[in-house]
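Chain by chain, the residues run as shown.
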Amino acid sequence: MPESLTRAVRWDTVVGALLVVLLLLSFSTVDGFGNALNLSFLIGNTLPIALIALPMTLLVVSGEIDLSVASTAGLSGAVMGKLWNDGMAIETIIPLCLLLGVVCGLVNGLLVTRLGLPSLAVTIGTLAAYRGIAQIVLGSDAVTDFPSQYLDFAAGRIGNTFIPQALLPFVVLLAIAVVVLHATPFGRSLFAIGANEEAARFAGIRVRRHKLILFTVTGLMASLTGIFWALHYASARYDNATGLELSIVAAVLLGGIDFDGGRGTLGGAIAGVFLLGALQNVMSLLNVSAQSQIVVTGVLLVISVLGPRVARQISVARAARSAG
Amino acid sequence: MTHPSDTGPAPVLALEDISKSFGAVRALRDVSLELFPGEVHALAGENGAGKSTLIKTLAGVHRPDAGRVLLDGEPVVFHGPGDARDAGIAVIYQEPTLFPDLSIAENIFMGRQPRRALGRIDHKATHAATLALMQRLGVELDPDRPARGLSIADQQIVEIAKALSFEARVLIMDEPTAALTGSEVARLFGVVRTLREQGAAVLFISHRLEEMFEICQRVTTLRDGAWISSEPIDGMTEDDLVRRMVGRDLDELYPKQDVEPGQVALSVRRLTREGVFTDVSFDVRHGEIVGLAGLVGAGRTEVARAVFGIDRWDAGEVEVQGRRLTNGAPSTAMAAGLALVPEDRRAQGLVMDMSIERNIGLTGLRTTVRAGLVDRGAERSRSLDWAVKLQVKYARIADTVNTLSGGNQQKVVLAKWLATGPRVLIVDEPTRGIDVGTKAEVHRLLSELAADGVAVLMISSDLPEILGMADRVLVMHEGRLTAEIPRAEATEETVMAAATGRAAA
């Protein structure tokens with residue numbers, strides 16, 4: 001069997017192709033899709049999902065998950081708003097909020113690695129807890145009067161193009177994540193951990209340390225996203241980014257990251273993120289209601305768990321027919 | 001070659017010139033086999049000889065490309081495992097798959113329990129039917145006992161009872177003894193003899209030659225998918241059988257070289273893990289192969305796990321080449337020159353759907369690094385080197401290890417660890433479930449490593465292997481070291497006596 005043929009059914013390639021098809025179709029048939037403002041909205045609205053999808057991909061590859069990310073983002077935004085209201089300098093607030101994200105992630109990581117609890121359960125718990133703290137901190141206030149140069153950066157575009165300024169730092173982070181997952185010993189270990197944790201341990205890989213680092217980085221990225229969210233939408237509220245974890249997990253799984261761990265590529269995950277983002281954008285343009293959009297996201301989540309498995313079974317069947 | 005069919009009864013099941021290919025691979029070529037009522041028939045061959053394909057053809061999983069399957073002399077075509085079962089053919093696998101929370105009786109009659117009015121399950125009838133089956137097999141198992149906690153031998157007996165409840169006349173036993181202890185094997189063989197006396201035909205697969213000689217009347221040998229011979233086993237020697245399986249004389253199964261032991265390489269002092277093993281002390285010197293014998297559950301594997309750092313110890317200390325190891329840290333053990341080839345290659349030794357290259361690479365992630373990144377060129381050449389040195393048979397180094405046969409998988413595990421250049425090597429059941437040719441290769445490899453000054457600690461339940469390979473034999477019994485026996489004095493009797501706690505240490 002030529003390798004190109006088995007490659008043809010790799011799921012991340014399928015998702016990439018779907019994304020291209022959707023974009024081409026939307027450019028030609030959906031009114032208003034192609035104008036610069038809409039494209040900048042599409043990218044800007046997708047960036048929070050994309051930012052958190054980076055560490056989430058690594059987590060899922062290693063067989064874990066973090067559902068508390070949207071709450072961590074909300075908590076960071078709320079704390080930022082509260083401290084800003086209290087008159088603290090923004091240059092002090094941002095590092096503090098990032099530190100808070102690190103703590104949130106560390107708590108998740110310690111509960112999972114030290115107490116051996118399943119991350120799904122732990123982070124459903126902290127999903128509620130972190131959001132609750134956010135509400136205690138900020139109440140129902142909305143803080144909007146952040147310094148204009150920060151707001152401008154988070155919402156601005158590069159020159160007259162449709163490209164948001166915030167895309168550049170994201171591309172840098174994406175490049176770092178790709179290298180870490182696909183080219184470093186750390187990333188290689190994550191695949192081994194996700195595919196067979198016991199064998200990874202027997203190979204001398206420090207499984208718990210790897211996971212603790214991942215949860216911590218995920219917390220950090222979630223709080224960074226929370227800060228970006230509050231500035232991008234010029235609004236810090238306790239309920240910022242509510243439900244975002246659903247989109248993130250759906251996008252990552254859609255991108256071919258195996259829910260059971262050990263399989264997937266960051267390229268696929270990011271293609272999944274932008275496929276979902278473009279789809280939501282198109283649905284908004286077509287006046288599909290927000291509720292229906294959530295239904296579509298949910299259906300995609302189910303398809304995304306099925307799709308890669310079907311694709312893999314096809315390639316396994318082909319390989320079996322050729323190799324025996 | 002003799003065919004009892006010339007004189008005796010007709011075969012209950014026969015394969016005639018069966019061929020089966022998967023793509024370009026010809027798994028079976030013109031293979032014939034006759035099974036007679038009242039015989040236990042051995043199927044011999046190395047891994048990859050076609051035994052599995054043949055079993056699956058008999059069980060209705062594969063349909064042959066050419067040739068006929070005859071049942072009571074009539075050609076039949078099995079469209080699936082259900083057809084084969086209805087025809088009275090049952091396969092007992094190495095690791096039975098019972099529902100742990102259901103009773104033995106419920107497991108046997110799963111989905112077809114005797115019913116009372118209104119479709120209620122008739123527990124009394126189920127119980128009685130199970131009891132009758134157990135009596136037929138000559139065993140005492142309580143039908144109402146849950147399957148959880150049954151030994152693997154007893155689980156297999158439940159599977160056999162289940163097969164009998166389907167009126168099975170042909171039982172295929174695929175390496176049933178691989179995970180059994182000596183006394184369990186004896187118990188299983190008792191049941192097999194009972195079945196034979198009742199007229200069943202049994203096809204028996206095992207890598208342990210002595211078992212074939214003990215229980216079987218005839219043996220069919222396959223090699224590279226081709227039929228080699230079918231003949232009575234009486235009058236054959238183990239060497240005869242090996243020659244047919246391997247196609248040549250096996251130089252020697254236990255090629256142990258004499259080596260003058262050097263300095264102490266591994267020193268274990270008063271190591272204790274509460275409730276698991278107690279006060280274990282021993283040394284292994286450079287150039288020495290030390291056997292660690294004992295019954296399953298004596299604590300041998302657990303000591304190895306603790307020494308390597310997989311599990312923590314509660315007291316004691318471990319030194320490798322004079323360096324004290326950190327409790328519970330495999331990475332520091334590896335850095336000190338220790339390697340552990342674990343007993344369960346699928347669960348512990350390999351990431352099954354990762355490539356051969358990357359599996360071997362896993363132990364070298366710290367060393368095959370350039371500028372913080374995995375040096376793929378170095379990783380590939382390191383993996384290729386060792387795969388070639390160990391003569392792993394594979395198509396492409398980038399193939400996943402689950403495409404390999406068991407023996408080749410074991411070689412990948414060995415390669416993975418030898419690639420770290422260990423000075424102390426612990427191997428846990430290094431040849432379990434692999435064919436005799438590969439086994440001899442593994443033994444030669446261990447012997448060469450020792451000659452190069454590696455200290456080898458070999459855990460094995462295969463007593464001939466221990467006696468054939470070890471310079472010294474340590475024996476554990478119920479979590480303690482009970483004996484240390486020099487090579488000259490090590491016999492099956494002395495080792496077993498210590499392993500069962502009958503000997504003064």
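Residue positions are given per chain, counting from 1 as you read along its sequence in written order. Key to labels: chains lettered from A, ligands numbered from 1, both in the order written. Two thresholds apply to this predicted model, a pLDDT of at least 70 for residue-level local features and 80 or more for giving and counting side-chain atom pairs, whereas whole-chain, interface and lining totals are computed over all residues. Side-chain numbers come from the whole structure's heavy atoms, not from hydrogens or water.

## Points about the overall build of chain B
Phase 1: Strands here are runs of E lasting at least two residues and helices are runs of H or I lasting at least four, both read from the DSSP assignment and numbered beginning at the N terminus. Helix and strand counts for chain B come out as 17 helices and 22 strands.
Phase 2: Every radius of gyration here is taken over C-alpha atoms, with the globule rule written as 2.2 Å times N^0.38, N being the number of residues. Rg of the C-alpha trace for chain B: 25 Å, near the compact-globule value of 23 Å for 505 residues, within the 12% margin.
Phase 3: Along the first, second and third principal axes, the C-alpha atoms of chain B reach 70 × 50 × 50 Å.
Phase 4: For chain B, the proportion of its 505 residues judged to be buried stands at 55%.
Phase 5: For this analysis, residues touch if any pair of their heavy atoms sits within 4.5 Å. Of all intrachain contacts in chain B linking residues separated by at least 6 positions in sequence, the fraction that spans at least 24 positions is 66%.
Phase 6: Surface accessibility in these figures is a Shrake-Rupley result with a 1.4 Å probe; residues are shielded only by whichever protein chains are displayed. Counting only carbon and sulfur atoms, one obtains 48% of the accessible surface of chain B, whose full area is about 21,400 Å².
Phase 7: Charged-residue counts in this description rest on Lys and Arg as positive and Asp and Glu as negative, His and the chain ends being excluded. One atom stands in for each charge, and that atom is NZ of Lys, CZ of Arg, CG of Asp or CD of Glu. Charge centroids of chain B, computed over 58 positive and 71 negative side chains, lie 6 Å from each other. Residue exposure (1.4 Å probe, protein chains only): buried if accessible area is under 20% of the type maximum, exposed if over 50%, otherwise partly exposed.

## Quick notes on the pattern of salt bridges
All names here are of chain A.
Phase 1: Any carboxyl oxygen of Asp or Glu that lies within 4 Å of a side-chain nitrogen of Lys or Arg is treated as forming a salt bridge with it. The full count for this structure, using the stated rule, is 32 salt bridges over all chains.
Phase 2: We note a salt bridge from R263 to D258, for which the minimum N-O separation is 3.2 Å.
Phase 3: Judged by relative accessible area, R263 falls into the partly exposed class, the value being 26%.
Phase 4: Within the structure, one salt-bridge network assembled from shared partners comprises E64, E197 and K211.

## Digging into the sheet that holds strand β22 (residues 480-486) of chain B
All names here are of chain B.
Phase 1: Ordered in space as β16-β19-β20-β13-β21-β22, the 6 strands form an open sheet in which the pairing is mixed. In this open sheet, the two edge strands, each paired with only one partner strand, are β16 (338-341) and β22. On average, adjacent strands in this sheet sit at an angle of 20° to one another, irrespective of strand direction.
Phase 2: Each of β16 and β19 (424-428) touches helix α14 (residues 406-418); the most contacted strand, β16, lies at about 170° to it.
Phase 3: Along the sheet, helix α17 (residues 492-499) contacts β13 (289-294), β21 (472-477) and β22; its crossing angle with β21, the most-contacted strand, is approximately 30°. In this description, strands pair whenever DSSP reports at least two bridges between them. Lines fitted to C-alpha atoms define the axes, with helix axes restricted to the stretch in contact, and inter-axis angles between N-to-C directions lie between 0 and 180 degrees.

## Remarks on empty space enclosed by the protein
Phase 1: A cavity here means a set of 1 Å grid points, computed over protein atoms only, where a 1.4 Å probe fits but cannot escape. A pocket is an open set with protein on both sides within 12 Å along at least 5 of 7 lines, and lining residues have an atom within 4 Å of a point. Grid points are joined across faces, edges and corners, and a volume is the space filled by probe spheres set on the points. Scanning the model with the defined rule gives 2 cavities of 30 Å³ or more in all.
Phase 2: In this structure, the largest cavity spans a volume of roughly 70 Å³.
Phase 3: Lining the largest cavity are A:L253, A:G256, A:I257, A:D258, A:F259, A:S304, A:V305, A:P308, A:R309 and A:R312.
Phase 4: Among the elements that make up the lining of the largest cavity, the one with the highest residue count is helix α14 (residues 290-323) of chain A (5 residues).
Phase 5: Taken together, the residues that form the lining of the largest cavity break down as 5 nonpolar, 2 polar and 3 charged.
Phase 6: Estimated volume of the second largest cavity: approximately 40 Å³.
Phase 7: As for the second largest cavity, its lining consists of A:F202, B:T301, B:A304, B:R305, B:L340, B:P342, B:E343, B:Q348 and B:D428.
Phase 8: A total of 3 residues in the lining of the second largest cavity trace back to one element, the largest contributor, which is helix α9 (residues 300-308) of chain B.
Phase 9: Each residue is assigned to one class: nonpolar for Ala, Val, Leu, Ile, Met, Phe, Trp, Tyr, Cys and Pro, charged for Asp, Glu, Lys and Arg, and polar for all the others, Gly among them. Looking at side-chain class alone, the lining of the second largest cavity contains 4 nonpolar, 2 polar and 3 charged residues.

## A few points about the nonpolar core
Phase 1: A:F146, A:F170 and A:I248 are the most contacted members of the largest nonpolar core, which has 98 residues in total.
Phase 2: The dominant element in this core, judged by the number of residues it contributes, is helix α3 (residues 36-61) of chain A, at 15 residues.
Phase 3: Take the buried residues of types Ala, Val, Leu, Ile, Met, Phe, Trp, Tyr and Cys, join any two whose side-chain atoms come within 4.5 Å, and each joined set is a nonpolar core. One finds B:M352, B:M458, B:V475 and B:A490 within the second-largest nonpolar core, a separate group that totals 79 residues.

## Digging into helix α12 (residues 244-254) of chain A
Residues and elements named next belong to chain A.
Phase 1: Within α12, 10 of the 11 residues are buried, leaving the element largely enclosed by the surrounding structure.
Phase 2: Taken as a whole, α12 has its buried residues at L244, E245, S247, I248, V249, A250, A251, V252, L253 and L254.
Phase 3: Of the residues flanking the end of α12, it is G256, one or two places downstream, whose phi is positive at about 95°.

## Examining a nonpolar patch on the surface
Phase 1: Patches were defined on residues exceeding 30% relative accessible area and lacking a salt bridge, with like-charge contacts within 9 Å and nonpolar side-chain contacts (Val, Leu, Ile, Met, Phe, Trp, Tyr) within 5 Å. There is a patch of nonpolar side chains on the surface, built from A:M88, A:L96, A:L99, A:V103 and A:V107 and spanning about 380 Å² of accessible area.
Phase 2: Looking at the element boundaries, A:V107 is found in helix α5 (residues 90-113).

## Focus on the side chain of B:D174
Residue and element names in this part refer to chain B.
Phase 1: Relative to the elements of secondary structure, D174 occurs in strand β7 (residues 170-174).
Phase 2: For D174, which is buried and forms no salt bridge, the nearest opposite charge comes from K51, at a distance of 7.2 Å.
Phase 3: Among all residues touching D174, those that are not within four sequence positions of it are I55, I92, Y93, Q94 and I205.

## With respect to the interface of chain B and chain A
Phase 1: Opposite the 34 residues of chain B that make contact, chain A presents 26 residues.
Phase 2: Together, the buried faces of chain B and chain A total about 2,200 Å²; carbon and sulfur atoms form 57% of this surface.
Phase 3: Close ionic contact of A:R188 with B:E379 constitutes a salt bridge, the shortest N to O distance being 2.5 Å.
Phase 4: Identification of polar contacts relies on pairs of N or O atoms within 3.5 Å, with a donor-acceptor requirement for protein atoms, meaning one able to donate a hydrogen and the other able to accept it, and with residues adjacent in sequence counted only if both atoms are side-chain atoms. Connecting chain B to chain A are 10 residue pairs in polar contact (both at pLDDT 80 or more). Accessible surface is computed with a 1.4 Å probe, and the buried area is the amount of it that two parts give up when combined, taken over both parts together.

## Here we look at the packing of α5(A) against helix α11 (residues 207-232) of chain A
Residues and elements named next belong to chain A.
Phase 1: Two elements in contact, α5 and α11, have axes whose closest approach is 7 Å; the angle formed by their N-to-C orientations is 145°. The crossing of α5 and α11 is right-handed. Along its contact with α5, which presents I94, C97, L98, G101, V102, G105, L106, N108, G109, L110, V112 and T113, the element α11 presents R208, K211, L212, F215, T216, G219, L220, S223, L224 and I227.
Phase 2: Its residues assigned to classes, the contact of α5 with α11 shows 12 nonpolar, 8 polar and 2 charged. A crossing counts as left-handed when the near helix is turned anticlockwise from the far one by less than a right angle, and as right-handed when that turn is clockwise.

## Some thoughts on the UniProt feature "transmembrane region" (unreviewed entry) in chain A
Residue and element names in this part refer to chain A.
Phase 1: With numbering matched to this structure, UniProt assigns "transmembrane region" (unreviewed entry) to residues 42-61, 92-112, 166-191, 212-235 and 266-286.
Phase 2: For residues 42-61, the end-to-end C-alpha separation is 27 Å, with 100% helix and 0% strand making up the annotated structure.
Phase 3: A helix fraction of 95% and a strand fraction of 0% characterise residues 266-286, whose end C-alpha atoms lie 30 Å from each other. UniProt positions are given in the numbering used here, feature names are shortened, and annotations may be inferred rather than shown by experiment.

## Topic: the packing of aromatic side chains
Phase 1: In this scheme Phe, Tyr and Trp rings, the latter by its six-membered ring, pair at centre separations within 6.5 Å, and the angle between planes marks the pair as stacked below 30 degrees, edge-to-face above 60, and tilted otherwise. With the rule as written, the count across this model stands at 5 aromatic pairs over all chains.
Phase 2: In this analysis the charged atom, NZ for Lys or CZ for Arg, is taken to sit over a ring once it is within 6 Å of the ring centre and within 35 degrees of the ring normal. In this arrangement the basic side chain of B:K389 is found over the ring face of B:W386, its NZ or CZ atom lying 4.0 Å from the centre.

## Considering the sheet that holds strand β15 (residues 323-324) of chain B
All names here are of chain B.
Phase 1: Spatially, the 4 strands line up as an open sheet ordered β12-β11-β14-β15, and their pairing is antiparallel. A strand with exactly one partner marks an edge of an open sheet, and here the two such strands are β12 (277-285) and β15.
Phase 2: With 6 bridges joining them, strand β11 (residues 264-273) and β12 adopt antiparallel strand pairing. For V268, the partnering residue across the bridge sits in β12 and is F282.
Phase 3: Its contacts with the sheet place α9 against β11, β12 and β14 (315-320), and it is angled at close to 70° to β12.

## Let's talk about a negative patch on the surface
Phase 1: On the surface, B:E210, B:E238, B:D239, B:E492 and B:E493 cluster together to form a negatively charged patch.
Phase 2: Tracing the backbone shows B:D239 in helix α8 (residues 238-246).

## Details of unusual backbone geometry
Phase 1: Its identity is not glycine, yet A:A234 carries a phi of approximately 50°, on the positive side.
Phase 2: Position of A:A234 among the secondary structure elements: in the loop between α11 and α12.
Phase 3: Residue class for A:A234 comes out partly exposed when judged on its relative accessible area of 28%.
Phase 4: Non-glycine residue B:E478 carries a positive phi angle of around 50°.
Phase 5: Inspection of the secondary structure puts B:E478 in the loop between β21 and β22.
Phase 6: The exposed category is assigned to B:E478, whose relative accessible area is 66%.

## Things to note about α9(B)
Phase 1: In terms of residue burial, α9(B) counts as a mostly covered element, since 8 of its 9 residues are buried.
Phase 2: B:G309, located one to two residues past α9(B), shows a positive phi value of around 105°.

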